[in-house]
Amino acid sequence: MKPKLLFIPLVLFLLLAAVFMVQLARNAQGDDPTRLESALIGKPVPVFTLTSLEQPDKTFDRTVLADGHPLLLNVWATWCPTCRAEHQFLNTLARQGIRVVGLNYKDDRLNAVNWLNTLGNPYVLNLYDGDGMFGLDLGVYGAPETFLIDGRGIIRYRHAGDLNADVWQREVRPLYQKYSQGG
């Protein structure tokens, strides 16, 4: 075997190590790989017609999310363990006057209503997306996800994962306050 061929594995290893180092350096500078960008940021909420979770005979469209006041649209489901962990914090936000609209995603309606009766209902309105089509239009990967929607129905922010006190203080609250003041 030629001596030069013996260096190929070493060169490949060094190239792979360099790629990993560049990625680590980018993450250290704030490029968060867990943050999911959304093509809908700055755009209106997609068109939808959904029923109320608690009252299946009542239907709503996207105008319900554009009433002049910002709100959080929280995608949740009873089959989602992270949603259960997040739920107490959503109740806390609701008690503080933060408007939260729920989007019950790919769930059993009766289980969802029982969940709210047991754990409390932080939502000013709960939309039912049993087949997940509206979630698909929003680009939802799974529950929980939370969108900040301004008073005109424009999506301003998306958070995949549980909304907790740290995420609220660091990322969402400043934006919520900005759009509460007409920003």
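Keep in mind that what you see is a predicted model, and the values were worked out from it rather than measured.

K.L.:
Describe in detail the side chain of His87, supporting the description with residues and values.
P.N.:
Within the element layout of this structure, His87 appears in helix α2 (residues 81-95). Residue classification places His87 among the buried residues on the basis of a relative accessible area of 2%. Looking at His87, its side chain comes within polar contact range of the main-chain oxygen of Gly120, at 2.7 Å. Ignoring sequence-local partners within four residues, the contact set of His87 consists of Trp115, Leu116, Leu119, Gly120, Pro122 and Tyr123.

K.L.:
I'd like a rundown of the side chain of His159, residues and numbers included.
P.N.:
With respect to the element layout, His159 can be found in strand β7 (residues 155-160). Looking at His159, its side chain comes within polar contact range of the main-chain oxygen of Asp162, at 3.1 Å. When near neighbours in sequence (up to four residues on either side) are disregarded, His159 contacts Pro144, Glu145, Thr146, Val167 and Glu171.

K.L.:
Hey, could you go over the nonpolar core for me, with residue numbers and the actual values?
P.N.:
In terms of nonpolar packing, the biggest core is built from 45 residues, with Leu72, Leu73 and Leu138 touching the most fellow members. Sequence-distant contacts of Leu73, defined by excluding residues within four places in its chain, comprise Leu65, Val101, Gly102, Leu103, Phe134, Leu138, Glu145, Thr146, Phe147 and Ile149.

K.L.:
Can you explain the sheet that holds strand β5 (residues 125-129)? Please cite residues and give values.
P.N.:
Strands sit in the order β2-β1-β5-β4-β3-β6-β7 across an open sheet of seven strands; the sheet is mixed. Unpaired on one side and paired on the other, β2 (59-61) and β7 mark the two borders of the sheet. The sheet shows a mean angle of 30° between the axes of neighbouring strands, direction not considered. As defined by bridge partners, strand β6 (residues 145-149) adjoins β7 across five bridges and the pair is classed as antiparallel. Bridged to Phe147 within β7 is Arg158. Contacting β1 (49-52), β3 (71-76), β4 (100-105) and β5, helix α3 (residues 109-119) runs over the sheet at an angle of about 125° to β3. Strands β3, β6 and β7 of the sheet are contacted by helix α5 (residues 165-180), whose axis makes an angle of about 165° with β7.

K.L.:
Break down a nonpolar patch on the surface for me, citing the residues and quoting the values.
P.N.:
A cluster of nonpolar side chains, contributed by Phe7, Leu10, Phe13 and Leu14, occupies part of the molecular surface with about 440 Å² of accessible area. Position of Phe13 among the secondary structure elements: in helix α1 (residues 8-28).

The rules behind the values
- Residues numbered from 1 in each chain as written.
- Predicted model: local features only at pLDDT ≥ 70, side-chain atom pairs only at ≥ 80, totals over all residues.
- Heavy atoms only, no water.
- Helix = DSSP H or I, 4+ residues; strand = E, 2+ residues; numbered from the N terminus.
- Buried < 20%, exposed > 50% of the residue type's maximum accessible area, 1.4 Å probe, protein only.
- Polar contact = N/O pair within 3.5 Å; in protein donor to acceptor, adjacent residues only side chain to side chain.
- Contact = heavy atoms within 4.5 Å.
- Core = buried A, V, L, I, M, F, W, Y, C linked by side-chain atoms within 4.5 Å.
- Pairing = 2+ DSSP bridges.
- Axes fitted to C-alpha atoms, helices over the stretch in contact; angles between N-to-C directions.
- Patch = residues over 30% accessible without salt bridge, like charges linked within 9 Å, V, L, I, M, F, W, Y side chains within 5 Å.
- Areas by Shrake-Rupley, 256 points an atom, 1.4 Å probe, with all protein chains shown as cover.
- Salt bridge = Lys/Arg side-chain N within 4 Å of Asp/Glu carboxyl O.

On their own, these measurements won't tell you what the molecule is for.
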